[in-house]
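# Understanding the architecture of this molecule
Residue strings, one per chain:
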Amino acid sequence: MAVLIFHVILIVQAIAEKRILLNDPALLQSQIHALERKVEDVVGKYTDLSAKYADLSTKYSDMSTKDNDQSAKYNDLSTKYNDQSAKYNELSTKYTDLSTKYSDLFIKNNDMLAKYNTLLTKSNVGGIFVRWGRKDCPGNNTELVYSGFAGGSYYSHTGATAEFVCLPRDPDLTTKFSSGYAYMYGSEYDTTEFGHADGDDLPCSVCRSTMESSVLMIPGKSSCYDGWSMQYHGDLVAGKYSHSAATQFICLDEHPEALTAGQDNHEGKLFYPVQASCGSLACPPYHNGKYLTCVVCTK
């Protein structure tokens, strides 16, 4: 019982002391000041945090704007990249096509080059033609095979051959035949209209083109058609229409020569200028009584 009473007394004293503290103005004032300082500290921290929040908000807005700009730029670059990729794919396809065509052309070019080199190395690549009335060949990529005498059958023989031939100066002859035979005569001028005396002998030269293989004599022309090279031009000649022997058209050079020591008039294979005769011949373009020119061309 005494212990209980002692505890009750202690509790009553503590309550009394607490009441005394709460009724103390000075204590209350100090507590209020302490609370005010805490409030001011909290307000300061709040203001500081508000400023930091505002700064972070501004930075966030700036970052958002920049991010939008970057996104727009990215989208623009992505579009450009897609366009460039499409162009690259198109150019790549074209490049592949051109590469294929180039390879084909390269192979064809090599084939043509090989054929060209083969042609250059072949000795028989050039076309052969006779230059009637001259002892030499024209100078445009030709070489002289031989120079000789124009000849053929006698102008009045009924069994005469038609062709003019260019006989070499160094013949290889034989005596092994004794039966029937033909004759070979020299060819002579039978008129002075070609610039030489009646009876002068006609020279000829066999020529070879070193670059071109096709040969064409064009009657009635004094120049070649496009793509052809002219070797020489002159007058179209043949045997006289009233003579018995067959004849052939040949192209006599514009500036014909005569053989030295061939001035004796023995007739033989004769030739004359060729005149247009209208009727079955279309006139125009040909004209009755006018003479035909000729040209020898190669390609």
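Everything below is about the structure shown above.
Residues numbered from 1 in each chain as written. Predicted model: local features only at pLDDT ≥ 70, side-chain atom pairs only at ≥ 80, totals over all residues. Heavy atoms only, no water.

Strand residues, when the strand is regular, have side chains that alternate between the two faces of the sheet. Judged by how many residues are buried, strand β9 (residues 269-273) sits mostly within the fold: four of five residues are covered. Bridge count for strand β4 (residues 185-189) against β9 is three bridges, and the pairing is parallel. In the sheet register, Y189 faces β9, and the bridge partner there is F271. (Buried < 20%, exposed > 50% of the residue type's maximum accessible area, 1.4 Å probe, protein only. Helix = DSSP H or I, 4+ residues; strand = E, 2+ residues; numbered from the N terminus. Pairing = 2+ DSSP bridges.)

This paragraph deals with the pairing of strand β10 (residues 293-298). Among the six residues of β10, five are classified as buried, and the element is accordingly described as predominantly covered. Here five bridges tie strand β6 (residues 215-219) to β10, and the two strands are oriented antiparallel to one another. The residue bridging M217 from the neighbouring strand is V296, located in β10. As judged from the six bridges shared by strand β7 (residues 229-238) and β10, these two strands associate in the antiparallel manner. Bridging across to β10, G234 finds its partner in C294.

Glancing now at the packing of aromatic side chains. Within the structure shown, the criterion is met by 10 aromatic pairs. Ring plane angle 65° and centroid distance 5.3 Å describe the contact between Y189 and F271, whose orientation is recorded as edge-to-face. Taken together, the residues Y189 in strand β4 and F271 in strand β9 connect sequence positions 82 residues apart. The same class applies to Y189 and to F271, which are both buried. The interplanar angle of 45° and the centroid separation of 5.8 Å between the aromatic rings of F194 and F271 together place this pair among those described as tilted. Here F194, found in the loop between β4 and β5 (203-209), pairs with F271, found in strand β9; they are 77 residues apart in sequence, far enough to count as distant. An aromatic cluster is present here, built from Y154, Y155, Y181, Y183 and Y185 joined pairwise through their rings. Its end group placed over the ring of Y272, K240 keeps NZ or CZ at 5.7 Å from the ring centre. The ring centre of F164 lies 4.7 Å from the NZ or CZ of K269, which sits over that ring. (Phe/Tyr/Trp six-rings, centres within 6.5 Å; stacked < 30°, edge-to-face > 60°. Lys NZ or Arg CZ within 6 Å of the ring centre and 35° of its normal.)

Okay, empty space enclosed by the protein next. Summed over the entire model, instances satisfying the criterion amount to one cavity of 30 Å³ or more. Its volume calculated, the largest cavity comes out at about 60 Å³. In terms of lining residues, the largest cavity is bounded by S153, Y154, Y155, G239, K240, H243, A245, A246, T247, K269 and L270. Residue classes in the lining of the largest cavity are distributed as five nonpolar, four polar and two charged. (1 Å grid on protein atoms, 1.4 Å probe; cavity = no way out; pocket = protein on both sides within 12 Å on 5 of 7 lines; lining within 4 Å. Points joined across faces, edges and corners; volume = space filled by probe spheres on them. Nonpolar A, V, L, I, M, F, W, Y, C, P; charged D, E, K, R; others polar.)

To continue, consider the nonpolar core. Core analysis: the largest hydrophobic core is formed by 26 residues, its most contacted members being W132, L252 and F271. Only β1 (128-132), β5, β7, β8 (250-253) and β10 provide two or more residues apiece to this core. Residue contributions to this core peak at four residues, all from β7. Residues within four places of W132 in sequence aside, it is in contact with A150, F164, V165, C166, P203, C204, Y232, I250, C251, L252 and D253. (Core = buried A, V, L, I, M, F, W, Y, C linked by side-chain atoms within 4.5 Å. Contact = heavy atoms within 4.5 Å.)

Turning next to the layout of surface pockets. By volume, the largest pocket amounts to about 440 Å³. Forming the walls of the largest pocket are 18 residues, and the residues nearest its centre are G239, F249, P273, V274 and Q275. For the lining of the largest pocket, the secondary structure elements donating two or more residues are β7 and β9. Along the lines of polarity and charge, the residues of the lining of the largest pocket split into 12 nonpolar, four polar and two charged. Computed from the structure, the second largest pocket encloses a volume of approximately 170 Å³. L167, P168, P171, L173 and M184 are the residues that line the second largest pocket. Classifying every residue of the lining of the second largest pocket gives five nonpolar, no polar and no charged.

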